[in-house]
Amino acid sequence: MSKRNDAFFKEKKPWSIVKDELLACYFKPYVTKILTTHKPLVYVDGFAGKGKFEDGNNGSPLIALDIVNECVSATSVISSSITAYFIDLNYADDLHKNLPQQNRVIIISGAYEDTIENILSQKEGCNIFLYIDPYGIKALQHSLFKTFAKRAFNSIELLINLNSFGFIREACHVLGKDYAKDMENDFFDDLVEYDTTEFDTSAKSIEELSAIAGGDYWIKIINEYKSGKYNGYEAEKIFADQYYKKLQESYQYVLNMPLRIKQGQRPKYRMVHATNHPDGCILMADNICTRWESWQNIQKDRQPGLFEEDHEENIIDSDRIKKDLCTLLPSFTKETQINIFLAEFFSKYGPYCKSGIINGVIKGMEQNTEVVIRRNPSKTPTGKPSGFLSFDNEKQAYIRSAT
Ligand SMILES: C[S@@+](CC[C@H](N)C(=O)[O-])C[C@H]1O[C@@H](n2cnc3c(N)ncnc32)[C@H](O)[C@@H]1O
């Protein structure tokens, strides 16, 4: 498959719809909130595509721009400054045709990895949102993500389409293992975005894969997979877990969001959300849970299940949430803002249910004096004890372990 992959833009496929919904549903509350920081927002779509699919559907650039325009007209913040950069190696001309001519829109013809540092230079003090949606894995240089985290931006968030299965397939190729053999026959068939890049068995390819992964930990995973310790799906999951841990060295909250578009189907790729802001992490965790519920609901052949399941097909019940809370709480001996605690929870255990459900379990534990919550204000306007579990300018809840 060539890097141009023109067929991709003929018709918008379910995987692209799912990804764009995830972006859109997060981006609107994100922009609304970020405008209240009174600091400029710099949005970068690093692999923008054509802007529009040939079947008339909007691509990620138009989806983001519609949201930006909507938020700017709705906000009461006067000094709202938003610049949106759209980079594409092949389709800058299409972007010029398909995107509105606005001062805030900047189209760049070139490679993300060659242009991004220049775009982000002199953006200190700004809020940065990077949407990274490549076909394959080759352009995902970990060192760039690490560098951005160290810059003095007001905030930075990354939403990355991580083709972890593609990574494992290439890694097997490099280390001499036939990966696809133990995958379901049609596994890669509808992964139209897959870019079969040219990794070979050379030391250079090993270096390139380590640069993408942010280390050489993947070699051990592939060698253990080769020795039969686990199957291809397990190898991918272990790789993804370690990839997230690597990113957590630079970003405080990293969410692992495996995407399936049908119940019972294995995830085919993962979206990664990285931020240093607890509210951003919680917003994205709630967003993926809402998206997952609606994707389940639109499946025509869906049989109602007895239990609610998360996107990794684990059963969600309050016992599981409580068990995870009890494991996490002992490290919170000092009072901590509730939003920071929740973001740590999602970052550690994954966004497997909405924050409201976790709050319900925390309240039960509070009643059993298994956890201590302090609220400011401690009383409601009518003099009753406050029960909120949120943290903002008006209301602040703090949590700590009971022991
Ligand atoms: C999966 S598509 C993006 C689709 C887009 N997010 C949308 O919703 O319409 C990947 C795009 O990356 C572009 N591309 C490939 N390599 C690139 C690179 N190194 N830098 C920037 N763009 C690249 C391709 O031309 C293609 O348009």
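Look above for the structure.
Now for a description of the structure that goes with this document.

Criteria and cut-off values
- Residue positions are given per chain, counted from 1 along the sequence in the order it is written.
- Owing to the predicted nature of the model, reporting of local features is limited to residues with pLDDT of at least 70; listing and counting of side-chain atom pairs is limited to 80 or more, with chain, interface and lining totals taken over all residues.
- Values reported for side chains reflect all heavy atoms of the structure, with hydrogen atoms and water molecules removed beforehand.
- Throughout, the term near means that a residue has one or more heavy atoms lying within 4 Å of the molecule or strand in question.
- Identification of polar contacts relies on pairs of N or O atoms within 3.5 Å, with a donor-acceptor requirement for protein atoms, meaning one able to donate a hydrogen and the other able to accept it, and with residues adjacent in sequence counted only if both atoms are side-chain atoms.
- The method behind every accessible area is Shrake-Rupley, applied with a 1.4 Å probe, and residues are considered shielded solely by the protein chains displayed.
- Amino acid classes used here: Ala, Val, Leu, Ile, Met, Phe, Trp, Tyr, Cys and Pro are nonpolar; Asp, Glu, Lys and Arg are charged; the rest, including Gly, are polar.
- Two strands are counted as paired when DSSP detects at least two bridges linking them.
- Helical segments are the DSSP runs of H or I of at least four residues, strand segments are the runs of E of at least two, and each set is numbered from the N terminus.
- Clockwise travel from the first strand over the helix to the second, with the strands pointing away from the viewer, marks a crossover as right-handed.
- Any Lys or Arg side-chain nitrogen located within 4 Å of an Asp or Glu carboxyl oxygen qualifies as a salt bridge.
- Only protein chains enter the calculation, and the probe is 1.4 Å; a residue is then buried if its accessible area is under 20% of its type maximum, exposed if over 50%, and partly exposed in between.
- In plain words, nonpolar cores are sets of buried Ala, Val, Leu, Ile, Met, Phe, Trp, Tyr and Cys residues tied together by side-chain atoms within 4.5 Å.
- Note that the domain bounds reflect an automated or database-derived domain assignment.
- It only takes one pair of heavy atoms within 4.5 Å for two residues to be counted as in contact.
- Inter-axis angles, ranging from 0 to 180 degrees, are taken between N-to-C directions of lines fitted to C-alpha atoms, where helices are fitted over the stretch in contact.

**Regarding the site of the ligand**
Around the ligand sit 20 residues, and of these Ser60, Asp88, Asn90, Tyr112 and Asp133 come closest. Separating an oxygen atom of the ligand from a side-chain N or O atom of Asp20 is a distance of 3.5 Å. Here a nitrogen atom of the ligand sits 2.7 Å away from a polar atom, N or O, in the side chain of Asp133. Against a free-state accessible area of 610 Å², the protein chains account for coverage of 98% of the ligand. Residues that form the shell around the ligand fall into these classes: 10 nonpolar, 6 polar and 4 charged.

**Some points on the pairing of strand β3 (residues 105-109)**
The pairing of strand β2 (residues 82-88) with β3 spans 5 bridges and is classified as parallel. Bridge pairing in β3 places Ala84 opposite Val105. With respect to chirality, the unit in which β2 leads through helix α3 (residues 92-98) into the neighbouring parallel β3 is right-handed.

**Points about the pattern of salt bridges**
Scanning the entire structure with this criterion turns up 18 salt bridges. With a closest N to O distance of 3.1 Å, Glu124 and Arg151 form a salt bridge. Placement of Glu124 in the loop between α4 (112-120) and β4 (127-132) and of Arg151 in the loop between α5 (142-150) and β5 (155-162) is noted, with a sequence separation of 27 residues between them. What makes Arg151 partly exposed here is its relative accessible area of 24%. The shortest N-O distance in the salt bridge between Lys229 and Glu224 comes to 3.7 Å. By relative accessible area, which is 56% here, Lys229 ends up exposed. Judged by relative accessible area, which is 18%, Glu224 ranks as buried. Linked by salt bridges that have partners in common, Lys10, Lys50 and Glu54 make up one network.

**Details of the nonpolar core**
In this structure, Phe129 and Ile362 are the most contacted members of the largest nonpolar core, which totals 67 residues. Here this core gets 11 residues from one element, more than from any other, and that element is helix α1 (residues 14-35). Taken domain by domain, this core gets at least three of its residues from each of domain 1 (6-297) and domain 2 (318-401). Filtering out sequence-adjacent residues up to four positions away, Phe129 remains in contact with Leu23, Tyr26, Phe27, Tyr30, Leu41, Val42, Tyr43, Val44, Glu157 and Leu159. Formed by 51 residues, the second largest nonpolar core is a distinct cluster that contains Val44, Phe47, Ile137 and Tyr244.

**A few points about the sheet that holds β2**
Reading across the sheet, the 7 strands line up as β3-β2-β1-β4-β5-β7-β6 and stay open at both edges, with mixed pairing between neighbours. The open sheet has two free edges, formed respectively by β3 and β6 (253-259), since each of these has just one partner strand. The sheet shows a mean angle of 15° between the axes of neighbouring strands, taken without regard to direction. Across 5 bridges, strand β1 (residues 41-45) lies against β4 in parallel orientation.

**Thoughts on the sheet that holds strand β9 (residues 371-376)**
The strand order β8-β10-β9 describes an open sheet built from 3 strands, whose pairing is antiparallel. Edge positions in the open sheet fall to β8 (336-337) and β9, since each of these has one partner strand only. Alignment of β8 against strand β10 (residues 396-401), held across 2 bridges, turns out to be antiparallel. Within β10, the position partnered with Gln337 by the bridge is Tyr398.

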